[in-house]
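Single-letter residue listing:
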Amino acid sequence: MKFGTRLKIEEDVSSSSTADIAFLLIIFFMVTTAFGTTRGLEMTLPKKQKVTQEVSTTEAVLVEIDDYGNIFIDGGGVLLEHIEPYIRPKLARNPNKYVLIKSSLAAKYEYAVSVVDELRLSGVKNISIPTQKEIASWGQY
Amino acid sequence: MRFRRKSNVQAGIPSASMGDIAFLLIVFFMVTTTFSVDKSKVNLPESFEREATVPGAAIIVIKENGELLLSEGDKNPQPAGLNDVLVFALNLVAMQPQMQFTIKASRDSEYRYFDRVMEQLRDANAKNISLLSMQKVAGHSGRGAR
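Residues numbered from 1 in each chain as written. Chains lettered and ligands numbered in written order. Predicted model: local features only at pLDDT ≥ 70, side-chain atom pairs only at ≥ 80, totals over all residues. Heavy atoms only, no water.

Caption draft 1: Region of interest: the packing of aromatic side chains. All chains considered together, the criterion is met by four aromatic pairs over all chains. Summarising the aromatic geometry, the rings of Phe 28 of chain B and Phe 29 of chain B are spaced 5.2 Å apart at their centres and angled 65° between planes, so their arrangement reads as edge-to-face. Plain terms: the ring middles of Phe 88 of chain B and Phe 101 of chain B are 6.4 Å apart, the flat faces sit at 70° to each other, and that makes the pair edge-to-face. With Phe 88 of chain B in helix H2 (residues 85–95) and Phe 101 of chain B in strand E6 (residues 100–105), the pair connects residues that are 13 residues apart, well separated along the chain. By way of ring pairs, the aromatic residues Tyr 109 of chain A together with Tyr 111 and Phe 114 of chain B are connected into one cluster. (Phe/Tyr/Trp six-rings, centres within 6.5 Å; stacked < 30°, edge-to-face > 60°. Helix = DSSP H or I, 4+ residues; strand = E, 2+ residues; numbered from the N terminus.)

Structure follows, in structure tokens:
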């Protein structure tokens, strides 16, 4: 008696389309990915109180920015990189030193961000960015 | 004359590892992907110090010309007037007092727009604010303040 020979079909899961599916997914994620655009400078605004915390302008350091991005600390013109050497000794004496940033309304927004960044790097904890309305209410600028 | 038989070895580029590489790339993109509701293109300022913002924060987009877009965090930003921020922020703060606001302002926009937005956020009693920025590279001063 002669048995029929078995068919030699190899069983295998087809994986040829795996790479295609994977590449489709890659394209999807590449298109939807937004790299690192959700990072920035954190700020905490003071709580609104009936009795506002008075920051004496004589005790605080005043950083002013003019229309063209020129910086003046306590009245004297400086470069951005000179802020740190000016601030450090003051912080050594008083680590909670307040720094007020007053930018010209016509100045570019990036100038103010550069100054905030530089002050943060210098180790200033109390940075205050008063709005024009607040400055007007002080009545001394 | 007798020619030599051609070799039967077939030339081919092995593609067995392609799937593995592709899946590695998928994992990478899956991990780094953040589905941002805000797709507005804004030329952000640069800063060395950058902290991750809280997902789901309200977004205030200030374009170069002072145009404003507002998003509650889960919807596409909608165009708004410069004085609409107060009502927008008041509603959000009433629902969630610790609401995070992300300001995405163009580096070339005038400071007056930022000032106006900050004033209204302060009036609305907003506490946590984040100023979006790009990473500043050392030695490259960019076009920042001089």
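Caption draft 2: Representation of the pattern of salt bridges within the structure. Per the stated rule, a full pass over the model turns up nine salt bridges over all chains. The closest approach of N and O atoms between Lys 108 of chain A and Asp 108 of chain B, which form a salt bridge, is 3.5 Å. Here Lys 108 of chain A is found in the loop between strand E5 (98–103) and helix H3 (109–122), whereas its partner Asp 108 of chain B is found in the loop between E6 and helix H3 (111–123) on a different chain. Measuring nitrogen to oxygen at the nearest pair gives 2.4 Å for the salt bridge that ties Arg 122 of chain B to Glu 134 of chain A. Note that Arg 122 of chain B is positioned in helix H3 and Glu 134 of chain A in helix H4 (residues 132–138), a pairing that runs across two chains. (Salt bridge = Lys/Arg side-chain N within 4 Å of Asp/Glu carboxyl O.)

Caption draft 3: Geometry of the packing of H2 of chain B against H3 of chain B. All names here are of chain B. H3 packs onto H2 with a crossing angle of 35° between their chain directions and a minimal axis gap of 8 Å. Crossing of H2 against H3: the hand is right-handed. Here Val 85, Leu 86 and Ala 89 of H2 lie close against H3, whose contacting residues are Val 117, Gln 120, Leu 121 and Asp 123. Tallied by class, the residues present in the contact of H2 with H3 amount to five nonpolar, one polar and one charged. (Axes fitted to C-alpha atoms, helices over the stretch in contact; angles between N-to-C directions. Left-handed = near helix turned anticlockwise from the far one by under 90°. Contact = heavy atoms within 4.5 Å. Nonpolar A, V, L, I, M, F, W, Y, C, P; charged D, E, K, R; others polar.)

Caption draft 4: Layout of the sheet that holds strand E7 (residues 128–132) of chain B. As summarised here, the arrangement of the seven strands in space is E2(B)-E1(A)-E7(B)-E6(B)-E3(B)-E4(B)-E5(B), forming an open sheet in which the pairing is mixed. Each edge of the sheet is formed by a strand with only one pairing partner; in this case those strands are strand E2 (51–52) and strand E5 (78–80) of chain B. Bridging between strand E3 (residues 58–62) of chain B and strand E4 (residues 68–71) of chain B involves four bridges; their strand directions are antiparallel. Note that in E4 of chain B the partner of Val 61 of chain B across the bridge is Leu 69 of chain B. Contacts from H2 of chain B reach E3, E4 and E6 of chain B within the one sheet, and its direction differs from that of E3 of chain B by about 165°. (Pairing = 2+ DSSP bridges.)

Caption draft 5: Representation of the interface of chain B and chain A in the model. On the side of chain A, 54 residues touch chain B, which itself brings 51 residues to the contact. Summed over both partners, the interface of chain B with chain A buries about 5300 Å², with 58% contributed by carbon and sulfur atoms. Seen at the junction of chain B and chain A, the total is four salt bridges. Between Arg 120 of chain A and Glu 49 of chain B there is a salt bridge whose closest N-O contact spans 3.2 Å. Run the count over chain B and chain A and you get 19 residue pairs in polar contact (both at pLDDT 80 or more). Taken together, the elements giving at least two residues each to the side of chain B that touches chain A come down to helix H1 (18–32), strand E1 (46–47), E2, E6, H3 and E7 of chain B. The dominant element in the side of chain B that touches chain A, judged by the number of residues it contributes, is H1 of chain B, at ten residues. Looking at the side of chain B that touches chain A residue by residue, the class counts come to 21 nonpolar, 14 polar and 16 charged. As judged from the two bridges shared by strand E1 (residues 39–44) of chain A and E2 of chain B, these two strands associate in the antiparallel manner. (Buried area = accessible area lost by both parts, 1.4 Å probe. Polar contact = N/O pair within 3.5 Å; in protein donor to acceptor, adjacent residues only side chain to side chain.)

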